[in-house]
Amino acid sequence: MRWLENPQSRAEKLLRDGLDLAANRTGDEITHRRVWAQVADAPLEPESRFSTRLVLASASAAVALLAVAGVIAYPYLGSHRAPTVVAAPKATAPEPKAASSEPPNAVPNQIAVEESERAPGNVVRTRKGERARVALGGGAIADMEEDSAITWDSQHRPSVEHGSARLSVPHQPPGWRFSVTAGPYVVTVVGTKFKLDVDGRSVGVEVTEGVVEVWRGSRSTRLVAGDAWHGPLHPEESTVQPAAATPSAPPSERPRTTTAGLPSVAPLAAKAAPPVSRSLQEANAAVQSGEANRAAEILARAAQGNGPAAENAAYELARVTRYNLGRPRQAVALWDKYRNRFPSGVLRTEADLSIVDTLSQLGDVRAALAEANAFIARHPNSERRGEVQRLVERLRAVEAGSDTR
Amino acid sequence: MVVRSGDDAGAPGALTPQNTGMGQKQNTSAPIAASASIADAELVRACRTGDMVAWRSLYDRYAPLIHRFTAALGVPAEEREDAAQDIFIAVFRSLRHFRGEAQLSTWIYRIAARHAIRLGRRRRMRETMRVVMLKERPQPEIDPSERSTRLATLDRLLAKLAPKKRTVLVLFEVEGLSAKEISDVVGCPENTVWSRLHHARAEMIRAARRMVS
């Protein structure tokens with residue numbers, strides 16, 4: 001039984017209620033994303049000499065042990081178990097939505113892969129003319145096209161080796177993400193539908209629903225419904241030039257791309273950007289020491305790159321321009337530039353609110369009203385909605401007052 | 001066709017999405033019954049290889065906990081983002097030293113508690129200096145996103161506790177840890193945990209009664 005489960009007095013009830021509220025004070029998504037943007041590219045301390053020595057010693061010991069094990073096991077090597085090949089079960093029921101014009105073998109085989117089978121080296125493969133529906137666990141389903149293969153990597157994540165698969169991932173509980181790899185990329189989702197294509201040269205992702213992040217190393221790009229992205233399967237062979245991570249047009253106006261004409265967005269395929277996290281730290285230090293112009297220069301350079309830190313820099317540049325350089329008009333333009341570049345960015349809500357706030361401070365009532373109304377329409381469930389609604393009412397009163405004068 | 005190969009078919013469940021996190025009471029409907037310790041161990045292993053997706057998973061799993069815990073330990077809203085950032089960077093930097101003897105969550109709580117107490121010490125020092133040097137009374141910090149009076153009242157009552165008692169009370173009453181787990185986090189015997197908890201509760205009730213009356 002919990003402490004003060006049955007409060008006997010007002011004081012005890014006050015405490016119990018407060019503790020219950022405190023247990024649910026977990027922060028909002030925007031805050032968590034903003035912190036992640038700072039943490040993601042934080043430079044880590046180099047390994048200490050002691051650890052390096054320890055690693056070297058362990059590696060030497062491991063090599064020695066392996067050599068001994070090899071000598072002992074050599075006589076038995078010929079008797080190792082060969083991989084067994086098991087045919088996929090034949091589909092017993094036709095796919096309800098299968099088009100009648102499709103060939104008979106278009107009916108996908110239903111393959112439920114047990115947890116124990118999601119192990120490195122296991123493969124689900126379709127031949128020419130075959131399709132398969134594979135349950136990947138966690139409610140995720142992959143509809144594999146013909147001549148495709150899904151395997152599992154060393155971390156037990158599904159990996160599309162080649163071919164094409166449409167993935168449908170149910171919404172994951174808070175803190176959980178579903179990951180699937182393709183070549184050097186990791187695609188992570190919270191809950192969505194998307195298509196993954198892997199041919200001999202490139203990896204393509206088309207998002208039907210929800211939001212997808214494509215990662216390579218520490219760099220990522222964010223795709224929303226209607227976006228398509230492709231990158232080279234072997235990035236080191238690529239000559240793709242860096243490009244903007246996100247099209248500048250709003251999602252609804254973006255052209256839906258097909259596999260025949262995927263835009264070369266490929267921010268992950270670009271050459272590694274300079275470490276912008278250091279730039280952010282330098283910019284902070286410059287602001288602290290009163291050198292706002294230098295901070296703005298550093299942030300402008302950092303914002304040229306890609307990834308979460310560059311996005312953060314683009315937002316921070318506008319903030320420094322407004323609060324430290326005292327140029328609110330220019331700040332509004334920079335926040336506007338930020339949201340055009342990152343229409344689904346993690347700081348999008350903050351940018352929208354900053355614009356509303358700055359315009360109202362400037363006394364540009366009409367523009368502030370338009371922005372505030374757009375905010376309410378765009379974020380109907382935002383926790384800041386009430387605040388913006390009150391501002392709208394005040395701005396309307398000001399507008400009405402100026403009209404009557 | 002399905003090709004099954006390899007001898008490690010009995011390996012623990014996938015890193016995502018089936019992994020289970022601590023402090024995620026709502027995740028009990030996970031399709032795969034992998035224990036939290038296995039999932040955390042997998043996650044730690046992947047993080048150590050430099051897998052950024054694993055880092056992100058670890059962050060997603062623990063960010064709400066860090067926010068809740070630091071808030072209950074009195075880190076004000078405007079310092080909470082920086083505190084979370086510092087805590088995660090400390091976690092990422094020292095994960096290679098994590099030996100797996102305690103739960104990952106216990107280890108993270110320990111880092112977060114130390115950081116929050118350090119911040120509290122600095123804040124009190126700043127406030128004292130402000131009072132002494134400038135004769136200014138510190139302004140009460142009000143987080144606009146936490147308009148609930150009850151929550152603000154609880155924070156005021158918690159602020160009256162000594163840091164050690166506050167940490168134990170928060171870990172027990174807010175975070176739901178057992179006395180054994182708390183003793184691992186704060187590094188004291190279980191009996192001391194019970195003793196601090198007893199005193200903290202008594203002080204909280206006395207303070208609440210004074211406030212109500």
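**So, the overall build of chain A**
Next, step 1: From N to C terminus, chain A includes 10 helices and 14 strands.
Next, step 2: Within the span of chain A, comprising 405 residues, buried residues form 45% of the whole.
Next, step 3: Taking all contacts inside chain A whose residues are at least 6 apart in sequence as the whole, residues at least 24 apart take part in 48%.
Next, step 4: Total accessible area on chain A stands at roughly 21,000 Å², and carbon and sulfur atoms take up 54% of it.

**Concerning the confidence of the model for chain A**
Next, step 1: Mean pLDDT for chain A: 72, with 70% of residues reaching 70 or above.
Next, step 2: Ignoring residues within four places in sequence, the model shows residues 77-106 of chain A, a span with pLDDT below 50, making 35 contacts including any to other chains.

**Things to note about the side chain of A:Ser148**
Residue and element names in this part refer to chain A.
Next, step 1: Locating Ser148 in the fold gives a position in the loop between β5 (140-144) and β6 (149-152).
Next, step 2: Polar contacts involving the side chain of Ser148 include one to the main-chain carbonyl oxygen of Glu145, which spans 3.0 Å.
Next, step 3: For Ser148, the contacting residues outside a window of four places in its chain are Val124, Arg125, Thr126, His162, Gly163 and Ser164.

**Considering the environment of B:Thr70**
All names here are of chain B.
Next, step 1: Tracing the backbone shows Thr70 in helix α2 (residues 52-72).
Next, step 2: With 100 residues separating them along the chain, Thr70 and Val170 place their C-alpha atoms 9.8 Å apart.
Next, step 3: Apart from the residues lying within four places of it in its own chain, the contact partners of Thr70 are Val75, Arg80 and Ile87.

**Overview of the packing of aromatic side chains**
Residue and element names in this part refer to chain A.
Next, step 1: Taken as a whole, this structure holds 11 aromatic pairs over all chains when the rule is applied.
Next, step 2: Measuring from ring centre to ring centre gives 4.9 Å for Tyr185 and Trp229, while their planes differ by 80°; the resulting arrangement is edge-to-face. Of the two residues, Tyr185 sits in strand β9 (residues 185-189) while Trp229 sits in strand β14 (residues 228-232), which places them 44 residues apart along the sequence.
Next, step 3: Tyr185 sits in the buried class, given a relative accessible area of 0%.

**Side note on the side chain of A:Asn312**
Residue and element names in this part refer to chain A.
Next, step 1: In this fold, Asn312 is placed in helix α6 (residues 308-323).
Next, step 2: According to the relative accessible area criterion, Asn312 is buried, its value standing at 1%.
Next, step 3: Other than its neighbours up to four places away in sequence, Asn312 contacts Arg34, Ala37, Gln38, Leu280 and Leu347.

**So, the pairing of β6(A)**
All names here are of chain A.
Next, step 1: The alternating pattern of β6 places Ala149 and Thr151 and Ile150 and Trp152 on opposite faces, both of which are buried.
Next, step 2: Taken together, the 4 bridges between β6 and strand β7 (residues 158-169) define a ladder with antiparallel strand orientation. Paired with Ile150 across the strands is Val160, a residue of β7.
Next, step 3: Between β6 and β7, which pair antiparallel one after the other, the connecting turn spans 5 residues, and His156 there sits at a positive phi close to 65°.

**Comments concerning a positive patch on the surface**
Next, step 1: Positive charge collects at one region of the surface, where B:Arg114, B:Arg118, B:Arg121, B:Arg122 and B:Arg124 lie side by side.
Next, step 2: Overall, B:Arg118 belongs to the partly exposed group, its relative accessible area being 37%.

**Points about the environment of B:Met204**
Next, step 1: Mapped onto the secondary structure, B:Met204 falls in helix α8 (residues 190-212).
Next, step 2: Sequence-wise, B:Met204 and B:Ala159 are 45 residues apart; in three dimensions their C-alpha atoms are separated by 9.9 Å.
Next, step 3: When neighbours within four sequence positions are excluded, B:Met204 is seen to be in contact with A:Trp3, A:Leu15, B:Leu154, B:Leu157, B:Leu158, B:Leu161 and B:Leu169.

**Observations regarding the packing of α2(B) against helix α3 (residues 77-94) of chain B**
All names here are of chain B.
Next, step 1: Running from amino to carboxyl end, α2 crosses α3 at an angle of 135°, the nearest separation of the two axes being 10 Å. One element, α2, and the other, α3, form an angle in the oblique class. Taken as a pair, α2 and α3 cross one another with a handedness that is right-handed. Between α2, through Trp55, Leu58, Tyr59, Tyr62, Ala63, Ile66, His67, Thr70 and Ala71, and α3, the contact on the second element is made entirely by Arg80, Ala84, Ile87, Phe88, Val91 and Phe92.
Next, step 2: Among the residues making up the contact of α2 with α3, the classes are represented as 12 nonpolar, 2 polar and 1 charged.

**Section: helix α2 (residues 29-40) of chain A**
Residues and elements named next belong to chain A.
Next, step 1: Taking 1.5 Å as the rise per residue, α2 with 12 residues should run 16 Å; its terminal C-alpha atoms sit 16 Å apart, in good agreement.
Next, step 2: Most of α2 sits inside the fold, with 10 of its 12 residues counted as buried.
Next, step 3: Listed as buried for α2 are Ile30, Thr31, His32, Arg33, Arg34, Val35, Trp36, Ala37, Val39 and Ala40.

**With respect to the pattern of salt bridges**
When their charged atoms lie close together, side chains carrying opposite charge are able to pair.
Residue and element names in this part refer to chain A.
Next, step 1: A complete count under the given rule lists 30 salt bridges over all chains for this structure.
Next, step 2: Of the charged contacts in the structure, one is a salt bridge between Asp20 and Arg16, with a shortest N-O distance of 2.9 Å. Taken together, the residues span about one helical turn, with Asp20 and Arg16 both in helix α1 (residues 10-23) at a distance of 4 residues.
Next, step 3: Taking relative accessible area as the criterion, Arg16 reaches 5% and is therefore assigned buried.
Next, step 4: As a salt-bridge pair, Asp336 and Arg339 come within 2.9 Å of each other at their nearest N and O atoms. Placement of the pair is Asp336 and Arg339 together in helix α7 (residues 328-341), with a separation of 3 residues, close to one helical turn.

Reading the values: the criteria
Residues numbered from 1 in each chain as written. Chains lettered and ligands numbered in written order. Predicted model: local features only at pLDDT ≥ 70, side-chain atom pairs only at ≥ 80, totals over all residues. Heavy atoms only, no water. Helix = DSSP H or I, 4+ residues; strand = E, 2+ residues; numbered from the N terminus. Buried < 20%, exposed > 50% of the residue type's maximum accessible area, 1.4 Å probe, protein only. Contact = heavy atoms within 4.5 Å. Areas by Shrake-Rupley, 256 points an atom, 1.4 Å probe, with all protein chains shown as cover. pLDDT = per-residue confidence, 0-100. Polar contact = N/O pair within 3.5 Å; in protein donor to acceptor, adjacent residues only side chain to side chain. Phe/Tyr/Trp six-rings, centres within 6.5 Å; stacked < 30°, edge-to-face > 60°. Pairing = 2+ DSSP bridges. Patch = residues over 30% accessible without salt bridge, like charges linked within 9 Å, V, L, I, M, F, W, Y side chains within 5 Å. Salt bridge = Lys/Arg side-chain N within 4 Å of Asp/Glu carboxyl O. Lys, Arg positive; Asp, Glu negative; His and termini not counted. Charge placed at Lys NZ, Arg CZ, Asp CG, Glu CD. Axes fitted to C-alpha atoms, helices over the stretch in contact; angles between N-to-C directions. Parallel < 35°, antiparallel > 145°, perpendicular 65-115°, else oblique. Left-handed = near helix turned anticlockwise from the far one by under 90°. Nonpolar A, V, L, I, M, F, W, Y, C, P; charged D, E, K, R; others polar. Expected span 1.5 Å × (residues − 1).

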